[in-house]
Amino acid sequence: MAPRRKKIYEGKAKILYEGTEPGTLIQYFKDDATAFNAQKKATIEGKGVLNNRLSEFFMTGLTNIGVPNHFIRRINMREQLIRQVEIIPLEVIVRNFAAGSIAKRLGIEEGTPLPRPIVEYSFKNDELGDPFVSEEYVIAFGWASQQDLDDIVSLALRVNDFLSGVFFGAGIKLIDFKIEIGRIWDGDFMRLVVADEISPDSCRLWDVKTGQKLDKDVFRRDLGNLTDAYTEVARRLGLMPANTTSLTKPTLIN
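Under the annotation held in an unreviewed UniProt entry, the protein carries the name Phosphoribosylaminoimidazole-succinocarboxamide synthase and is attributed to Paracoccus methylovorus. Its UniProt record, at the heading Pathway (unreviewed entry), says of the protein: "Purine metabolism; IMP biosynthesis via de novo pathway; 5-amino-1-(5-phospho-D-ribosyl)imidazole-4-carboxamide from 5-amino-1-(5-phospho-D-ribosyl)imidazole-4-carboxylate: step 1/2." Under Sequence similarities (unreviewed entry), UniProt gives the following word-for-word description of the protein: "Belongs to the SAICAR synthetase family."

This is how it looks when you write it as structure tokens:
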């Protein structure tokens, strides 16, 4: 019988376990789906398998273009080995088109192109509903320095350029996305890396031609089957056989 692993943290969509080597964690992707700060919940069969594979795909792509991140390797269908990082308590949001909260706040029609990519922050706190915060808040409360913020914006925009190009090549428009940033220490030297995950859970994705939603808004707004939407994203990116229609029994291409 395998030894019981030490759980470090459990979130809405993932569990972190102690890693197999110093300075690492094992990130396990659950099938749970949540929306509206976990007021709406469901278990979507196969979602964790797909998000694990998609996040591997994107993190590997970032590594290949020199964007530092926490990903080391995928272990199996639901788990990946990652570097242990000190997470900055912010969600970093990059918006290319108006959708969701910015459309409501500013009265802009969803899908309207923004003048340029907008980077904004929310404070990572489920009890408070991850409220939006300004750079002034971030610096005043010591969550990050001005230099950190400059580096975070630079990282976020590089991720945006990469993801926008990859998705557009697959006929998908990247409306917005959110990432988390972590600190890795090497002696006295600190560097910032992209952490958490990159998947349809953390992006808004619309079909370029039809505007069909291929992200968690399908679940939030009861627009259809979430597994089918995520499967379509993976299929277009070449991660699943072209004739795949459902991830209930996943067939992923290695």
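Now that the structure is up, let's keep going.
Draft legend 1. Representation of the overall build of the protein within the structure. Counting secondary structure elements, the protein contains 6 helices and 14 strands. Principal-axis analysis of the C-alpha atoms places the extent of the protein at approximately 55 × 50 × 35 Å. Across the 254 residues of the protein, 49% fall into the buried class. Sequence-distant contacts in the protein: of pairs separated by 6 or more residues, those separated by 24 or more amount to 56%. Looking at the protein as shown, the accessible area adds up to about 12,700 Å², and 52% of this sits on carbon and sulfur atoms. When the 34 positive and 35 negative side-chain charges of the protein are each reduced to one mean point, those points stand 5 Å apart.

Draft legend 2. View of the pattern of salt bridges. Applying the stated criterion to the full structure yields 27 salt bridges. Here Arg-183 makes a salt bridge to Asp-148, at a shortest N to O gap of 3.2 Å. Pair noted here: Arg-183 is in strand S12 (residues 172-186) and Asp-148 is in helix H4 (residues 146-169), with a separation of 35 residues, a long-range link. Since its relative accessible area comes to 11%, Arg-183 is described here as buried. A salt bridge links Asp-207 to Arg-236, with the nearest nitrogen and oxygen atoms 2.7 Å apart. Here Asp-207 is found in strand S14 (residues 203-207), whereas its partner Arg-236 is found in helix H6 (residues 226-236), with 29 residues between them in sequence. Residue classification places Asp-207 among the buried residues on the basis of a relative accessible area of 9%. Exposure remark for Arg-236: the relative accessible area of 25% places this residue in the partly exposed category. A single salt-bridge network, built from bridges that share partners, covers Arg-95, Arg-105, Glu-110, Glu-120, Asp-176, Arg-204, Asp-217, Arg-220 and Arg-221.

Conventions we followed
Residues numbered from 1 in each chain as written. Predicted model: local features only at pLDDT ≥ 70, side-chain atom pairs only at ≥ 80, totals over all residues. Heavy atoms only, no water. UniProt positions renumbered as here; feature names shortened; annotations may be inferred. Helix = DSSP H or I, 4+ residues; strand = E, 2+ residues; numbered from the N terminus. Buried < 20%, exposed > 50% of the residue type's maximum accessible area, 1.4 Å probe, protein only. Contact = heavy atoms within 4.5 Å. Areas by Shrake-Rupley, 256 points an atom, 1.4 Å probe, with all protein chains shown as cover. Lys, Arg positive; Asp, Glu negative; His and termini not counted. Charge placed at Lys NZ, Arg CZ, Asp CG, Glu CD. Salt bridge = Lys/Arg side-chain N within 4 Å of Asp/Glu carboxyl O.

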